[in-house]
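Per-entry structural report
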Amino acid sequence: MEQLDSYHVFSKIIHWVTALLILGLLFIGFYMNSLAFSEDKLSLYGWHKSFGLLVLILAGVRVVWHIVKPKPKPLSTHKKWEHGIARFAHVFLYLALFIMPISGWVMSSAGDFTVKFFGFDVPDLTQKNEALFQNSRQIHEILAYTLLLIVGLHMVGALKHHFIDRDRTLRRMTVPDLGIIGGAIMSILVILLYACGGIYAVKHLKKQYLTIASVVDSNVRASVDEENEGIFISSVLPEWHIDIEDSLIGFEATQYGQGFEGSFKIARGQIFFDEARLGQSKLRIEIDISSVKTGSNDRDEQAISTEWFDVKAFPYAIFESHKFEKMSANHFLASGKLTLRGITVPIALLFILNIDEGDNGENVAHMTAKLDLNRLDFGIGQGKWQNTDAIGAVVKLNISVVARTK
Ligand code: HEM
Ligand code: HEM
């Protein structure tokens, strides 16, 4: 009789293993997305995919198991509305157990990224397809946020039954004599794991909001604000001298779906910047295209050829700001324009600025920023290279500039 009134031990094992996996995957998913391109990031992607596929397998086992072994009926002490919400959450969670991993798998296949299950090759679900990649990526992301919310609701419900109603809801999914202390220890662990995912989800959402808002903002302003070209001078604001050796414009791109990294050096620049006078602050940086390094001599030569950056005709990429705004303590937004290969595009650059004191009493500014560019917007990759199968369209810039006042 106990069996009908409580979940079978196998149901409990599947439930809790899946619950831990989902909470871990939400955390790792949002966290890995927040990292800059690195080996650690790629390794986390690999673990994320393996554990995500494990969830899919467990979801299949769970459904078959519940057909063989029916679940206990809802407790009669539950109110009607509680039963309704719990049912809605269970249906959503079941759907998510399938749609989350499948959308991740489709995304990886359509983006031409390999999927392995703990080292074993997994077949692609589809051929490379950019539109499908973007759509499944969006489904995966939106569903991840929704899942985080519904799991939170499901969790709060379970804890309310245990700690407030003091009924058997949580006990019949764990152990019959789970008391207040056992329940509290378990809740703390689960809530901590949930909070880790929640924190990175909020960070991710904030970053996306800022990026969208800043791009819209800069496009509007760029259309009404025509700037003068060339070098400018300022007698009022402190001048910052770029430390060329310590500054780097790094980038990440993909070749046949595999990521590779490279960098450019800054040739020269002018920065007149004062946090108290952002309205007058200005910046112009010239990047030396011939300095490109991608870890392969062949690729470096190809990069500067006429089909790509055409270094003979366009030896420098130029970024010029026309407005600075303070976003938070050390986050600023530089609105301006980027000229690359002769094409000028309005850009909003969100950057982090830290100013310290140097060895000789001077001020040293460390500025870092990330920016995603579409190489096709600048005509980089002519002829057959306009096809993004071999070299992806999106190039991620990792900008790091060190400048000093003399
Ligand atoms: C994180 C991912 C989670 C998923 C996907 C999930 C999924 C589910 C599903 C589908 C059920 C319905 C029973 C079944 O078919 O096995 C269920 C029941 C249950 N879950 Fe979860 N759950 C998760 C996390 C949690 C957490 C964190 C708690 C508690 C803190 C919890 C407590 C319960 C309880 C007590 C039941 C039994 C409810 C009842 O008998 O009415 N679950 N869960
Ligand atoms: C239940 C299982 C899964 C959960 C809960 C989950 C959760 C997440 C979360 C929260 C993110 C971050 C979303 C964002 O910031 O855009 C993410 C990203 C990602 N997931 Fe999953 N995932 C699961 C399964 C999978 C599987 C099975 C794969 C592939 C086989 C996969 C591949 C990816 C990839 C490639 C990304 C990065 C997307 C990007 O760079 O924008 N996921 N996942």
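Residues numbered from 1 in each chain as written. Chains lettered and ligands numbered in written order. Predicted model: local features only at pLDDT ≥ 70, side-chain atom pairs only at ≥ 80, totals over all residues.

**Topic: the overall build of the protein chain**
What counts is decided by this rule: Secondary structure elements are taken from DSSP: a helix is a run of H or I of four residues or more, a strand is a run of E of two residues or more, and numbering for both begins at the N terminus. Counting other C-beta atoms within 10 Å of its own, a residue is labelled buried from 20 upward, exposed at 12 or fewer, and partly exposed in the gap between, with every C-beta atom placed from the backbone.
Tallying secondary structure elements over the protein chain gives 7 helices and 11 strands in all. Counting only C-alpha atoms and orienting by the principal axes, one finds that the protein chain spans roughly 85 × 50 × 40 Å. Burial analysis of the protein chain (406 residues in total) assigns 21% to the buried set.

**Some thoughts on the site of ligand 1**
We apply this condition: Nearness rests on one distance test: the residue's C-beta atom, set from the backbone, must lie within 6 Å of the molecule or strand. Under this grouping Gly is polar, as are all residues other than the nonpolar Ala, Val, Leu, Ile, Met, Phe, Trp, Tyr, Cys and Pro and the charged Asp, Glu, Lys and Arg.
The environment of ligand 1 is made up of 22 residues, and the closest members are Ala19, Ile22, Leu93, Ala158 and Met173. Those elements that provide at least two residues to the shell around ligand 1 are α2 (9-34), α4 (80-110) and α5 (130-163). Looking at the shell around ligand 1 residue by residue, the classes come out as 15 nonpolar, 6 polar and 1 charged.

**Things to note about the site of ligand 2**
If you check the shell around ligand 2, you find 24 residues, and the closest are Gly29, Gly52, Met100, Gly104 and Ala144. Counting only elements with at least two residues in the shell around ligand 2, the list comes to α2, α3 (39-68), α4 and α5. Here the shell around ligand 2 is composed, by residue class, of 13 nonpolar, 8 polar and 3 charged.

**Section: the packing of α2 against α5**
The following threshold applies: Axis definition: a line fitted to C-alpha atoms, limited for helices to the stretch in contact. Angles are taken between N-to-C directions and run from 0 to 180 degrees. In what follows, roughly perpendicular refers to angles from 65 to 115 degrees, roughly parallel to angles under 35, roughly antiparallel to angles over 145, and oblique to any angle outside these ranges. Crossings are assigned a handedness: left-handed for a near helix turned anticlockwise from the far helix by less than a right angle, right-handed for a clockwise turn. Distance between backbone-placed C-beta atoms decides contact: two residues are in contact if it is within 7 Å.
Where α2 meets α5, the closest approach of the two axes is 11 Å, and the angle between their N-to-C directions is 135°. By the criterion of interaxial angle, the relationship of α2 to α5 is oblique. Crossing geometry of α2 relative to α5 is assigned as left-handed. Together, Ile22, Leu26 and Gly29 of α2 and Ala144, Leu147, Leu148 and Val151 of α5 make up the contact between the two elements.

**Things to note about the nonpolar core**
Condition: Think of a nonpolar core as buried Ala, Val, Leu, Ile, Met, Phe, Trp, Tyr and Cys residues chained together by C-beta atoms that fall within 7 Å.
In this structure, Ile249, Ile271, Ile287, Ile289, Ala334, Val401 and Ala403 are the most contacted members of the largest nonpolar core, which totals 37 residues. Listed by contribution, the elements that provide at least two residues to this core are β3 (239-242), β4 (248-255), β5 (258-272), β6 (282-293), β7 (316-328), β8 (331-340), β9 (343-357) and β11 (394-404). Beyond its immediate chain neighbours, meaning those up to four positions away, Ile287 contacts Ile249, Phe264, Ile266, Ala267, Tyr316 and Ala317. In this structure, Leu25, Val55, Ala59 and Ala96 belong to the second largest nonpolar core, which totals 17 residues.

**What about the domain arrangement of the protein chain?**
Threshold: Domain start and end points were adopted from an automatic or database domain assignment.
When its domains are assigned, the protein chain resolves into domain 1 (2-212) and domain 2 (239-404). Each of domain 1 and domain 2 has a C-alpha centre, and the two are 39 Å apart.

**Remarks on unusual backbone geometry**
If you check the backbone angles, Phe118 has positive phi at about 45° while not being a glycine. Note that Phe118 resides in the loop between β1 (116-117) and β2 (120-121). Phi is positive for Asp310, close to 50°, though the residue is something other than glycine. Considering the arrangement of structural elements, one finds Asp310 in the loop between α7 (297-304) and β7.

**Let's talk about the pairing of β7**
Selection criterion: Only strands joined by at least two bridges in the DSSP assignment are considered to pair.
Examined bridge by bridge, β6 and β7 share 5 bridges and lie antiparallel to one another. Bridge pairing in β7 places Asp288 opposite Tyr316. Pairing geometry for β7 and β8, over 9 bridges, is antiparallel. Paired with Glu320 across the two strands is Lys337, which belongs to β8. Hairpin connection from β7 to β8: 2 residues lie between these consecutive antiparallel strands.

**Observations regarding α4**
One turn of an α-helix holds 3.6 residues; hence residues three or four places apart share an orientation. Threshold: In a helix, the anticipated span is given by 1.5 Å times the number of residues less one.
Look at α4: 44 Å from first C-alpha to last across 31 residues, which is about the 45 Å you get at 1.5 Å a residue. Taken together, the buried positions of α4 are occupied by Ala96, Leu97, Met100, Pro101, Ser103, Gly104, Trp105, Val106, Met107, Ser108, Ser109 and Ala110. Looking one or two residues beyond α4, the residue adopting positive phi is Asp112, at roughly 70°.

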